[in-house]
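# Summary of structural features
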Amino acid sequence: MADKSKSKAKLISELEELRQRSARPEVSEAERKHAEEALGSAHARLRATFDAIQENMNIVDLDFYLTDVNEVLIKNFGLSNRESVLGRKCFEVLKGRKDICPNCAVAEAYQSKAPVYRTSTPEDEVRTPGRSFEIFAYPIMDENGNVSGAVEFAREITSRKQAENELRESEERFRAVLEAVPDLMIVLDAEGHYREIFTANSDLLYAPAEELPNKSIHDVLPSEDAQQIQAVIDRVLATGELQLYEYKLKTGGIDRWFAGRATKFSFQNADCVLWCARDVTARRRAEDELHKSLSLLTSTLESTADGILVVDRQGKMVSFNQKFVDIWRIPDSIVASRDDNQALEFVLEQLKDPEAFLAKVKELYSQTEAESFDILEFKDGKILERYSRPQRMEEDIIGRVWSFRDVTDRKQAEEALRESEERHRMLLEASPDAIVVYDMEGKVTYVNPAFVETFGWSSAELLGKRIDYVSEESWPETRTAIASMLRGERIQSFETRRLTKDGRILDIQLSSSVFHDQDGNRAGNIVILRDITLRKRAEDALRKREAELAEQSRHLEEVNAALNVLLKRREEDKEDLAERVLANVKELVLPYVEKLKSSSSYSEQMTLVGIVESNIKEIVSPFASKISSRFLSLTPTEIQVASLIRDGKTSKEIATLLNASEHTVRSHRFHIRRKLGLINKKVNMMSYLKSLHDE
């Protein structure tokens, strides 16, 4: 297995062998054919390597005409074939434009003579809408340091696929090296004199053939060239060995490269040199182009983000880039040894499933036409994408190209994004509030279960559509809220109304904010709607009840004020009554009681008692009037008994005071209870009578 530098060395060696064999006229045509085949094989390997690069690539000349495109570009841009776009303007084919693209990377590369990097947005891509690319433009320099064209790579950022680099133009230049050229045969003596000249093309001579006899190379050629050729002649004559020398002369009005083969030759009894000069200008130009193409290939392979490995049909490594070494962490010692077995053993030790890796390799080697794509997982968590396709030379498969891309960060980011989206979805699904997500056109992209439950529409009815649930009276405030949201403001706890599927109107508390995509552009808005209909009704009922309570409180305050007035008046009446009773007792009773105490005459005493009795009746007449409704049915004796009961006298004490038996008193008590309606009622008569007196 060889790397890319070894392939280049092998190709140069084959070309050198071709030059050596071409010195023998009898086999020159066969050798030329062999060189063509060898160069064609090298070109096929280069093209197959570029075909394995999963990036869009095109080559343009100074007038922006496409001179080459690769198969990946044809496929990704939906082109029919390569021949249909060659010779057309790149901006016409790839961008659908009639003039050069703004900020064209190729144009800047022409001006700066240096690589240029650009990025494009989906809006820039007419042929590939919705996709973004990283653009790399590398100027192509000729041997004089002038820009002759540019190679442009478009790496698709959205899908992370690498474009293949197309080298058909380089193949055509390489094939030009093998074009047949006539040879120039000259016999030179030891001093460099022209002894004989044989040529079918006089343009190969530095001077006309008729001017050369009797002249030496020192007379004809530029001094420096003559000295170098003379040194070759001297070595041939001194060693007798074949000497090879390539040199450049301007003949026939153009600069030509010649491959000189000098051998010792006896001519006219003198030691001479037979100089065979073949015009290898085309070959040298082809080699220059080959070096340029190899340099471009090397730069391309080393600049790609993929690790590239080329193997032959036996699975032996032929070439690889540094990214391949870095991705697989292959030690320098193994790289230097070029030992396939060591490299494979080192690779397998890093994988989680080495058996599956080997099985896939064996499968592809047995199915040479097959292409493959799979994922490799490392023990340390690294993840690679592996892509493989056959390497062809014309119709023959000569090996296989493997492409490895480290997608660890992307996979981890995708997993983190998936987990984040799942967490967010769970939160949205579990939210008791209705949630709806819109795009920037106002179309629904998501509704949660609470939205379906609250408003009655299913997800299938709403996705990709607008929701007609804003009531007519709510539109003015809703338009104002939408305008605020589009200005970047967040809508928080905005109260409005919305319609349900069945026409009910709900009071809603709404919050909304805009969200952005990964490029910072507005992608849509999320709206959270809380049904506050019941709360609103409760608030209305509470306000109504508060109003009723306030009215009742006002009424009670008025009643209370009236009662306070009545109570105050009642107290005043009681005080007035007490004062009048006391005054009457002092004036109408007490004086007679004093006289009664001092009287000794029975008749006088009875008279005084009569007066006292009459006056007392007069005094208590107000009290009697208050209880007359209850005491009208009582006899005078029952009234006396009731008064004594009220004063707390027992039946025995009452009997003594009234000079009656206890049985009589108990009889009076029974009749009093009956007449007052207290029979079969657990009411204390003394307390009851006191309450009547206190009224």
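Residues numbered from 1 in each chain as written. Predicted model: local features only at pLDDT ≥ 70, side-chain atom pairs only at ≥ 80, totals over all residues. Heavy atoms only, no water.

Another aspect to go through is the overall build of the chain. Looking only at helices and strands, one finds 23 helices and 20 strands in the chain. A total of 695 residues make up the chain; the buried ones form 38% of that total. If you take every contact in the chain between residues at least 6 apart in sequence, the share linking residues at least 24 apart comes to 51%. (Helix = DSSP H or I, 4+ residues; strand = E, 2+ residues; numbered from the N terminus. Buried < 20%, exposed > 50% of the residue type's maximum accessible area, 1.4 Å probe, protein only. Contact = heavy atoms within 4.5 Å.)

On inspection of all chains with the given rule, the structure shows 18 aromatic pairs. Measuring from ring centre to ring centre gives 4.7 Å for phenylalanine 451 and phenylalanine 455, while their planes differ by 35 degrees; the resulting arrangement is tilted. Highlighted residues: phenylalanine 451 and phenylalanine 455, both in helix α15 (residues 449–455), separated by four residues, approximately one helical turn. Among the aromatic residues, those joined into a ring-pair cluster are Phe320, Phe324, Trp328, Phe357, Phe378, Trp402 and Phe404. The ring of tyrosine 65 has lysine 89 sitting right over it, with the charged end atom 4.1 Å from the ring centre. Taking NZ or CZ as reference, arginine 284 lies 3.6 Å from the ring centre of tryptophan 257, over its face. (Phe/Tyr/Trp six-rings, centres within 6.5 Å; stacked < 30°, edge-to-face > 60°. Lys NZ or Arg CZ within 6 Å of the ring centre and 35° of its normal.)

On to the pattern of salt bridges. One pass over the structure, following the stated rule, counts 26 salt bridges. Of the charged contacts, one joins glutamate 662 and arginine 666 as a salt bridge, the two residues approaching to 3.6 Å between their closest N and O atoms. Placement of both glutamate 662 and arginine 666 in helix α22 (residues 662–676) is noted, with a separation of four residues, approximately one turn of the helix. Judged by its relative accessible area of 34%, glutamate 662 is partly exposed. Connected through salt bridges with shared partners, the residues Asp68, Glu71 and Arg82 form a single ionic network. (Salt bridge = Lys/Arg side-chain N within 4 Å of Asp/Glu carboxyl O.)

Take helix α13 (residues 354–366) next. For an α-helix, 3.6 residues make a turn, and residues three or four places apart therefore share a direction. For α13, spanning 13 residues, the distance from its first C-alpha to its last is 18 Å, which sits close to the expected 18 Å at 1.5 Å a residue. Its buried side turned inward, α13 meets α10 (322–328), α12 (340–348), β13 (372–377), β14 (383–393) and β15 (396–406). (Expected span 1.5 Å × (residues − 1).)

It is worth spelling out the sheet that holds strand β3 (residues 116–120) at this point. Read from one edge to the other, the open sheet built from five strands follows the order β2-β1-β5-β4-β3, with strand pairing classed as antiparallel. At either end of the open sheet lies a strand with only one pairing partner, and these are β2 (66–69) and β3. Ignoring which end each strand starts from, the neighbouring axes of this sheet average 20 degrees apart. Sheet topology places strand β1 (residues 56–60) next to strand β5 (residues 147–156); five bridges connect them, and they run antiparallel. Bridge pairing in β5 places asparagine 56 opposite alanine 154. On the sheet, helix α5 (residues 105–112) packs against β1, β3, β4 (133–141) and β5 and is oriented at approximately 165 degrees with respect to β3. (Pairing = 2+ DSSP bridges. Axes fitted to C-alpha atoms, helices over the stretch in contact; angles between N-to-C directions.)

Judged by side-chain polarity, Val559, Leu563, Leu566 and Leu567 come together as a nonpolar surface patch covering roughly 360 Å² of accessible area. Looking at the secondary structure, you find valine 559 in helix α18 (residues 533–598). (Patch = residues over 30% accessible without salt bridge, like charges linked within 9 Å, V, L, I, M, F, W, Y side chains within 5 Å. Areas by Shrake-Rupley, 256 points an atom, 1.4 Å probe, with all protein chains shown as cover.)

Let us look at the sheet that holds strand β12 (residues 317–320). Ordered in space as β12-β11-β15-β14-β13, the five strands form an open sheet in which the pairing is antiparallel. What marks the edges here is a single partner per strand, and that holds for β12 and β13. Within the sheet, the average angular offset between the axes of one strand and its neighbour, ignoring direction, is 25 degrees. Bridge analysis of strand β11 (residues 307–312) against β12 gives three bridges, and the strand direction is antiparallel.

Among the residues of α5, those classed as buried are Ala105, Val106, Ala109 and Tyr110. The arc that holds the buried residues of α5, viewed along the axis, is 140 degrees, so those residues lie on one side. Remark: lysine 113 follows α5 within two positions and exhibits a positive phi of approximately 55 degrees. (Arc of directions from axis to C-beta.)

Turning our eyes to something else, we now look at unusual backbone geometry. One non-glycine residue, asparagine 214, lies in the positive phi region at around 70 degrees. Locating asparagine 214 in the fold gives a position in the loop between β7 (194–199) and α7 (217–220). Although it is not a glycine, glutamine 268 adopts a positive phi angle of roughly 50 degrees. Tracing the backbone shows glutamine 268 in the loop between β9 (254–267) and β10 (270–279). Note on glutamine 268: relative accessible area 57%, which makes it exposed.

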